[in-house]
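Architecture at a glance
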Amino acid sequence: MSTSRIGASPTRVGGHGRVTGLQQYVADIRLQDVLQVKLVTLDCARARIISIDTSAAEQVPGVHLVMTAADLPQPVPRFGPQFVDRPVLAVGETKYHGEPVAAVAADTKDAAEEAARLVRVEHEELPAIFSVAAALDPDAVLVQDPAIRPNDPLARTNVLREHRFGWGDVEAAAASADLVVEGSYVFPMVTHFAIEPHGFMAAPDGDGIAVWSSIQHPNWLQKILAKLLDLPLAKVRVFAPDPGGGFGGKQHTKFEPLVAFMALETGRPCRLILTLEETFQAVRRVSTEVHVRTGFRTDGTLVFRDVEANYLIGAYADIADRTVSKGSYASCGPYRIPAARILARSILSHTPPSTAFRGFGNPQPIWAVESNMDDAARALGIDPLELRLRNLPRKGEAFIPYDTPADGDWEQTVRRAAELIGWGTPLPPGRGRGLAVGMKSGPTTGLSYSTVRLLADGSVVVYAGTSDMGQGARTVFAQIAAEELGAPHDWVTVVMGDTAVVPYDQQTSASRSTVLMGNAVLRACRDVQAQLRAMAARLHGVDESEIVVERGVVRLPDRVLPIIDVLKPGLGRLGGELIGNGEMRKDAEPDHPLGGSAAFFEFNCTAIEAEVDEATGDVTLLRHATVSDVGRAINPLQVRAQDEGAAIQGLGHTLMEHYIFDESGRIRNLGAIDYRIPTSMDLPLELLSETVENDDGPGPYGSKGMSEGALLCVAPAVAAAVRDATGAVIRDLPLTPERVWRALQERPTR
Amino acid sequence: MIETCPIELTVNGRRRALEVAVHHTLLDVLRDDLQLTGTKECCLVGECGACTVIVDGRTVDSCLMLAVEADGAEITTVEGLAPEGRLSPLQQAFLDRGAAQCGFCIPGQLMSAHALLASNPHPTVAEVQEGLAGNLCRCAGYRQISAAVLATAEGAER
């Protein structure tokens, strides 16, 4: 049998529910006797809570509980994926605009909303930190109570962590450089804006608890809840219906603990569906100020790079510090650099907690470093494409010492992107081209288990703890199982999203699932194939060593049989099934600066042709080419959709998206009216998405993860095109018409 | 006390008599009173289009319309596109073109596309993009969605 299912694009598993409205997201699930929860928040960022009067709220008919920090176990439980810092409800003071100080549970949404308005919180607004400069001022107020991180020498500063990476001797290299190019680049706070606002439900479940969440990492949530509630893992059942978009914002625990405590207190299911505005206050990308200094020889060879990156995380760490370490670690880019010095800081502030967001800390330094490359190309008089090609490592070449060597033919990717927009050919006046490369380390550790059941009729059930949030993981796993076990695609069911049923998976992030869970599924299929081999040996009186089972068939010495022809007689009259298990593990490497090397790299080149309206500053993208090295596209339709989706999402932070704060730390553009994301009217006139496929990834059939690549370097490519077209130099994102117009007025005369 | 008002709606061809809270939106009533959860809730300010339904032949952000305003109206929701469980050509095209990724915006996209094709059976790409400009997709599958709408229009022509 051929490899027909791999590289094909069968109908999305779960697609029918998505086009009929039958797909149930968390907010669509109706629990009997559910109480509706509404959060109580203050209209400023930082305030001392003097008193909370819940009496009026409790009088509202239908209200069952008004919970404050005083109603929780004392001290108030805290949680977080990396630091145990976030309280279930604000304790003593609020630390960001939107942090809940209380929550109401009532029979109806109307009652919950009315009661939430009647909770009287006497409070005093306090001075607060909203910027890197304010946070690093020696006299700055401390965002975090030093007691939360005892024995940490940084505890009495607003720096949560400092990360230092590097190799070679930067000072010596600097002395030998022919040219040093430096600059500072700013990346704004932006929010995920998943169209599904986060939803949480919890219900007492016998002697345990059941929790529903639109979460990417159900097993991580289970672990956190078990600890907070002092329950064994087996008594915390997490249902994780497919999220309506995640993009990193739904990776980690948010209000599930609060809703769980409310459910246990009331003895009834409790349900909290955030408003879109509340999601803005719950998740965002880390804003970043990056200073880059790079040394070159006159021929363009890189000599050293020195990066200082200040990431403004929020009031609680969530997974933000990991985005800082992982993003900054790779910040010298996919280049051969003899000497590098990287210093990155995770800086606390009185702003909404930042978290993972597609690209995971990389788009910020990539904006800086790739813009710096463009600056250098101009200063050196070398074509920006040539400058990249001159310094790209070849496949197999180590470029970050002690990490995974370059795992693709990256030059092929870069050349193709340039070619797609006609790089080097003449352009009409007023137009410009820009190009940038983006690289991101894939997962550094991982653990995924899968169970695959081959049923008596040849149909298959796959269990995989991945969250299918749009990337199409179900379909890819179904393709793998169908291919290996010879089942029709629509005879495969993929079960996800229930920790009581589905084996453990570490997480759905870092574009890992096709590679890590995909390999677990493949190994589970191999386990079933091994059982089929034994079955065939028994049935046909042949030694097992003479039989091969692969890709849907059983190869006997004298003939090839479809699996079903061995399965049915092998199972016999009672029927039954074959059950296979697969495990894919990428262990931690304790001596590695990040705790583990990259499972693979996501590598993308984006090339842009742009035109700028000199009167308004409006940028039009005439061509946007994105080329990603995906190893092998198991499902080309989904790969293209992810690649284009990442590219367009990248246009958001490049051209229009950013939080605007007032002096009290309130987000002024809170909600869909004032915070704009790309619509169907904001697409490039031509969007060209291609893949490089050399079957050289660690995933099934040579695949690599790919869902983030096309977002990584959109901003520097667009800014370079704008500069090429107009001479305007912009180092702060986004390139709003106003900012572009101002840069046009200030541009150096050409 | 919550003030209520009796209304009658025809939803996906079925007449429904309801007593609704006067301040509840059509979206509230569809999702909470009629359990038609295919229509989605996101921004609640008429910007994202996730709650798009067709009211008397015109697309409406159901979060912006009070249920009482819809009294007597004929309403089509996503559940009405495949009444016997058979996908409409538009729904099939969304599947075939990979237009549904996370899927949360898709009911709204489908309703806007359905209304667009009803008024303009042979739209250009630009007309499709404009017709669906009020429906945000954060997976940004805009090109797949446009392709599905155009394919449906072409299919109808044959």
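Up top is the structure.
Let us look at the structure shown here. Numbers given to residues run from 1 along each chain, matching the order in which its sequence is written. Whichever chain is written first becomes A and whichever ligand is written first becomes 1, with later ones labelled in order. Totals for whole chains, interfaces and linings use every residue, but because this is a predicted model, local features are given only for residues with pLDDT of at least 70 and side-chain atom pairs only at 80 or more, for both listing and counting.

Some details on the nonpolar core
All names here are of chain A. To be explicit about the condition: Any set of buried Ala, Val, Leu, Ile, Met, Phe, Trp, Tyr and Cys residues joined through C-beta atoms within 7 Å is what this text calls a nonpolar core. Burial is judged by counting other C-beta atoms within 10 Å of a residue's own C-beta: 20 or more means buried, 12 or fewer means exposed, and anything between counts as partly exposed, with every C-beta placed from the backbone. Helix and strand definitions follow DSSP, with helices as H or I runs of at least four residues and strands as E runs of at least two, each counted in order from the N terminus. The contact criterion used is a C-beta to C-beta distance within 7 Å, with each C-beta placed from the backbone.
Residues Val 104, Val 259, Ala 481, Val 521 and Val 722 are the most contacted members of the largest nonpolar core, which totals 283 residues. With 11 residues, helix H14 (residues 516–540) is the single largest residue contributor to this core. Apart from the residues within four sequence positions on either side, Val 104 is in contact with Val 37, Lys 38, Val 40, Ala 57, Val 63, Val 66, Ala 112, Ala 115 and Ala 116.

Comments concerning the interface of chain B and chain A
The criterion, for reference: Any residue outside Ala, Val, Leu, Ile, Met, Phe, Trp, Tyr, Cys, Pro, Asp, Glu, Lys and Arg is labelled polar, Gly included; the first ten of those are nonpolar and the last four are charged.
Taken residue by residue, the interface counts 41 residues in chain B and 43 residues in chain A. Among the elements of the structure, helix H2 (89–96), helix H3 (106–119), helix H4 (125–131) and helix H5 (142–157) of chain B are those that each provide at least two residues to the side of chain B that touches chain A. Element by element, the count of residues in the side of chain B that touches chain A is highest for H5(B), at four residues. In terms of residue class, the side of chain B that touches chain A is made up of 25 nonpolar, 10 polar and six charged.

As for the environment of Ala103(A)
Residues and elements named next belong to chain A. Among the secondary structure elements, Ala 103 is positioned in strand E7 (residues 102–106). Spatially, the C-alpha atom of Ala 103 lies 9.8 Å from that of Leu 272, the residues being 169 residues apart in sequence. Sequence-distant contacts of Ala 103, defined by excluding residues within four places in its chain, comprise Val 37, Lys 38, Leu 39, Val 40, Met 67, Leu 89, Leu 258 and Met 262.

Notes on helix H13 (residues 473–485) of chain A
All names here are of chain A. The cut-off we apply is this: The span one expects for a helix is its residue count, reduced by one, times 1.5 Å.
Look at H13: 18 Å from first C-alpha to last across 13 residues, which is about the 18 Å you get at 1.5 Å a residue. With respect to burial, H13 is a largely interior element, 13 of its 13 residues being buried. One or two steps after H13, the chain reaches Gly 486, where phi turns positive at roughly 70 degrees.

Details of the sheet that holds strand E24 (residues 560–562) of chain A
All names here are of chain A. Defined as follows: What makes two strands pair is DSSP finding at least two bridges between them. Lines fitted to C-alpha atoms define the axes here, with helix axes fitted over just the stretch in contact, and angles between the N-to-C directions of these axes take values from 0 to 180 degrees.
Here three strands make up an open sheet; going across it, the order is E22-E23-E24 and the pairing antiparallel. At either margin of the open sheet sits one strand with a lone partner, and together these are strand E22 (548–550) and E24. Taken over all neighbouring pairs, the strand axes of this sheet differ in orientation by 20 degrees on average, direction set aside. With three bridges joining them, strand E23 (residues 553–555) and E24 adopt antiparallel strand pairing.

Quick look at the packing of H2(B) against H3(B)
Residue and element names in this part refer to chain B. What counts here: Geometric relationships in this document are graded by angle, where less than 35 degrees denotes roughly parallel, more than 145 denotes roughly antiparallel, 65 to 115 denotes roughly perpendicular, and other angles denote oblique. Should the near helix be turned counterclockwise from the far one by less than a right angle, the crossing is left-handed, whereas a clockwise turn marks it as right-handed.
It is the contact of H2 with H3, at a shortest axis distance of 10 Å, that shows an interaxial angle of 130 degrees. The angle between H2 and H3 falls in the class oblique. The handedness of the crossing between H2 and H3 comes out as right-handed. Counting all contacts with H2, which are made through Leu 90, Gln 91 and Phe 94, the residues of H3 involved are Ile 106, Leu 110, Ala 113, His 114 and Leu 117. A class-by-class count of the residues in the contact of H2 with H3 yields six nonpolar, two polar and no charged.

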